[in-house]
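# Close look at the chain arrangement
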Amino acid sequence: MTATSNNIHTTFEKQMHIVHITAELTPIAKVGGLGDVVAGLSAQHQNMGQHVDIILPKYDCLLYDQIDDLTQLKTYLHVPWDHGLVPCAVWTGQVHGLSCIFIDPQSDLGFYQRQAVYGQFDDIQRFAFLSRAAIEYLWHSNNHPDIIHCHDWPSALAPVFLFEIYQTLGMTKPRVCFTIHNFKHQGLAGRDLLETTGLHRQDYFSKVDSLLDLNNPNALNLTKGGIVFSNFVTTVSPRHAIEVMDEDQGFGLEPVLKTHRAKVNGILNGVDYDFFNPATDAALAEPYSADTVEIKHANKEALRQRFSLEQNHKPLVAFIGRLDPQKGLDLIEHALMTTVKENGQFILLGSSHDPAINQHFKSLAQQFVNSADVHLEVGFDEPLSRQIYAGSDFMVVPSQFEPCGLTQLIAMRYGSVPIVRATGGLADTVFDIDYSDKPKPERNGFVFEDFNETGLDSALHRALICYQQQPEQYQRLVQNAMCSDYSWAKPAQEYLTIYESIRSNF
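Cut-off values and rules
Residues numbered from 1 in each chain as written. Predicted model: local features only at pLDDT ≥ 70, side-chain atom pairs only at ≥ 80, totals over all residues. Heavy atoms only, no water. Helix = DSSP H or I, 4+ residues; strand = E, 2+ residues; numbered from the N terminus. Rg over C-alpha atoms; globule rule 2.2 N^0.38 Å. Buried < 20%, exposed > 50% of the residue type's maximum accessible area, 1.4 Å probe, protein only. Contact = heavy atoms within 4.5 Å. Areas by Shrake-Rupley, 256 points an atom, 1.4 Å probe, with all protein chains shown as cover. Pairing = 2+ DSSP bridges. Axes fitted to C-alpha atoms, helices over the stretch in contact; angles between N-to-C directions. Salt bridge = Lys/Arg side-chain N within 4 Å of Asp/Glu carboxyl O. Disulfide = S-S within 2.5 Å. Phe/Tyr/Trp six-rings, centres within 6.5 Å; stacked < 30°, edge-to-face > 60°. Lys NZ or Arg CZ within 6 Å of the ring centre and 35° of its normal.

Let us now look at the overall build of the protein chain. A tally of regular secondary structure across the protein chain gives 17 helices and 18 strands. In terms of overall size, the protein chain behaves like a compact globule, its C-alpha atoms giving a radius of gyration of 23 Å where 506 residues would be expected to give roughly 23 Å. Counting only C-alpha atoms and orienting by the principal axes, one finds that the protein chain spans roughly 70 × 45 × 45 Å. Classification of the 506 residues of the protein chain by burial places 60% in the buried group. For the protein chain, long-range pairs separated by at least 24 residues make up 73% of all intrachain contacts whose partners lie at least 6 apart in sequence. Total accessible area on the protein chain stands at roughly 19,900 Å², and carbon and sulfur atoms take up 49% of it.

With 7 of 8 residues buried, strand β6 (residues 98-105) lies mostly within the body of the structure. Bridge analysis of strand β5 (residues 84-95) against β6 gives 8 bridges, and the strand direction is antiparallel. Paired with cysteine 88 across the strands is proline 105, a residue of β6. Between the end of β5 and the start of β6, which pair antiparallel, lie 2 residues, with histidine 96 showing a positive phi angle near 50°.

Let us now look at unusual backbone geometry. Residues threonine 26 and proline 27 are joined by a peptide bond in cis, for which omega reads 5°. In this fold, proline 27 is placed in the loop between β1 (17-21) and α1 (33-47). Located in the positive-phi region is glutamine 115, a residue other than glycine, with phi close to 55°. Mapped onto the secondary structure, glutamine 115 falls in the loop between β6 and α2 (123-140).

A few words now on the sheet that holds strand β18 (residues 446-448). Spatially, β15-β14-β13-β16-β17-β18 is the arrangement adopted by the 6 strands of the open sheet, whose pairing is parallel. Where the open sheet ends on each side, the last strands, each with one partner, are β15 (374-378) and β18. Within the sheet, the average angular offset between the axes of one strand and its neighbour, ignoring direction, is 15°. Pairing analysis gives 7 bridges linking strand β13 (residues 316-322) to strand β14 (residues 345-351), with the strands arranged parallel. Its bridge partner being in β14, glycine 321 is matched across the sheet by glycine 350.

Within the element layout of this structure, aspartate 373 appears in the loop between α11 (355-367) and β15. Not counting chain neighbours up to four residues away, the residues in contact with aspartate 373 comprise Leu309, Asn312, Lys314, Gly344, Gln345 and Phe346.

Our next topic: the pattern of salt bridges. Where charged atoms from two side chains of opposite charge approach closely, those side chains can pair. Under the defined criterion, the tally for this structure stands at 17 salt bridges. Aspartate 246 serves as the salt-bridge partner of arginine 261, at 3.1 Å between the closest nitrogen and oxygen. One end of the pair, arginine 261, is in the loop between α8 (254-259) and β12 (264-266); the other, aspartate 246, is in helix α7 (residues 238-246), and 15 residues separate them in sequence. Judged by relative accessible area, which is 41%, aspartate 246 ranks as partly exposed. With its nearest N and O atoms 3.6 Å apart, the salt bridge here joins glutamate 382 to arginine 386. In this pair, glutamate 382 and arginine 386 both sit in helix α12 (residues 382-391), 4 residues apart, roughly one turn of the helix. Glutamate 382 gets classed as partly exposed once you look at its relative accessible area, which sits at 25%.

Quick look at the state of the cysteines now. Evaluation of the coordinates by the stated rule reveals 0 disulfides. Here cysteine 100 stays unpaired: no disulfide links it, and the sulfur of cysteine 61, its closest cysteine neighbor, is 15 Å away. Note on cysteine 100: relative accessible area 0%, which makes it buried. Free of any disulfide, cysteine 150 has its nearest neighbouring cysteine sulfur in cysteine 177, separated by 8.6 Å. Take cysteine 150: its relative accessible area is 0%, and that puts it in the buried class.

Evaluated as defined, the whole model comprises 18 aromatic pairs. With a centroid separation of 5.7 Å and an interplanar angle of 90°, the aromatic rings of phenylalanine 127 and tryptophan 153 are classed as edge-to-face. Of this pair, phenylalanine 127 sits in helix α2 while tryptophan 153 sits in the loop between β7 (147-151) and α3 (158-166); the two residues are 26 residues apart in sequence, bridging distant segments of the chain. A centroid spacing of 6.2 Å and a plane angle of 40° characterise the contact between tyrosine 495 and tyrosine 499, whose relative ring orientation is tilted. In this pair, tyrosine 495 and tyrosine 499 both sit in helix α17 (residues 489-505), 4 residues apart, roughly one turn of the helix. The residues tyrosine 495 and tyrosine 499 share a single accessibility class, namely buried. Ring pairing ties together the aromatic residues Tyr59, Trp81, Phe111, Tyr112 and Phe129, which thus form one cluster. Above the face of the tyrosine 273 ring, arginine 413 is positioned so that its terminal group lies 4.0 Å from the ring centre.

Structure below.
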C-alpha cells in the first residue's frame, strides 16, 4: 500500500484528524480483507489532505521490515485493567507512509506475544485491552482526534470507553464511526469482562439496549456494543447493509440494526489501484493495460506453463480465496467439474483454517494431478494470485454471502471477467452482460441468483459460450471490466461525508 493512491487531493474545508483502531493492517499484520481496508482507506484520506493515525497492537509477529522509523515514546501508559494498572510502552512508526501507533503492554499477560493475531484462548481480553489502551493513549497524550474509526468486534468497545468514561474526563471532541466487516464474528464475552475492563456499572451495561447479547442472557456482545454506542455504523457494501437488517444476514443482530437504522449505511470497499495494477505489476510475465489487453494472453500462456497445463484455445476459469463454507465450497467444486466438462480449464488457489477442508481439496488436487486442464493449489501466495488474475479469463465467486468481496474487484482490474452470485458487494459491483439494466458499457460480468448448482450453471454456461462462440462480445466485456472504477477515491469521499455529518450533528 502507498499513501499516494489515486492522486486525488480533494480536501474538506477543514482538515480532520482521523484515528483508526484496528487488529489488522496490511502488510504488517494481514489476516483478511480488514487489513487491506484500513491501509487503503487511510492512504486515500491522507492523500486527500487528512491527518490519519492508525493504532494497533505491537504483535511479536508484525512484519517489522515493513515498518520505518520504529521508535519507542518516552512516556509510558498505565492502562486501567482488572482493578489495577497495566504499564504499556507506546511505539510509533511508518508503514508505507502511514503513521502508526503500537500498543505494547509490559506485563506477564503477554497479550501480543503469541506469534499470532487471532486464535488465542483470551482473544476477547486481548482486544478489549486494545480498545481501552487506545482511548487511554489518546486521552493521556491530549491527542483528541475528530474521528475515531473502529473496525469489527476487536475495537468495538472503544466507543463504550470513550462515551461512558473518557468523555466525562474531558475528552468531548471525538466522534466514532464503526465499520462491521463480518457479522459472523461478533465477540461474545462473559459479564466478568465489565469488571476487568473498568466498566463497573454491571446493571447498566447488561441491559438489552446496551451490551447484552440478544440470544444469551449471560453474555455480552461486543459488536452490539459498537452499534449502540457509535455515532455511525457502516457495512462494507450498500447491498449488505440491507441484507443484514432485512434479509437475515446479521447473525442475530438484525433487531439492533433496525433500532439504529438511521445511523447505519453501506459503503463499498475499494481496491488499492497502485498495488493492483497490471500495467506495473512486476509479478506478471507481461504487463498490460486496458489499452493493450491483447498482451494479457502472454500471462495465460505463462500460467499454463507454470502448472503444466495444455496450451490451447480453451477458456481458463479460476477461483482465488479462502476455502470457507461462506464462499460456496460445493459450488466451487461444481464449477471445476462443469468447466472441464464444457471444454475449459480450471485453476484454484486458496486455503482454509479448517484442516479437513484443506485435506479435501488436496485430495481433489490428487485426482487431477495428471490433468492437462486442472490445477489446484491449496495454500496462498500473493504474487501467484496476481499471476492467476492476469492469466485467467474468468473468476468464479459463488458465495453464499459476501459483505463486499475483493476478489471480483481485483479480477476486473486484471481483466478476468467475474462470475458471481448476486449477494452483498458482489451484487453492487458486477452487472450481468445479458440481464442487467445498466448501460452496456457498464456490464462487466455474469451473475446468478440462486445459491445452488442450477443457479451457478446458468451463469457459468453463458460465460463459456460467450468466450467460445462470441469472442468480440467477450473482449468488450473484458474492456468493460478493466474500465470499471473500484478504487478508493469514491468510498473515501463518502466516509469523509459521514465524518463531517457526525461531527456537525452531535
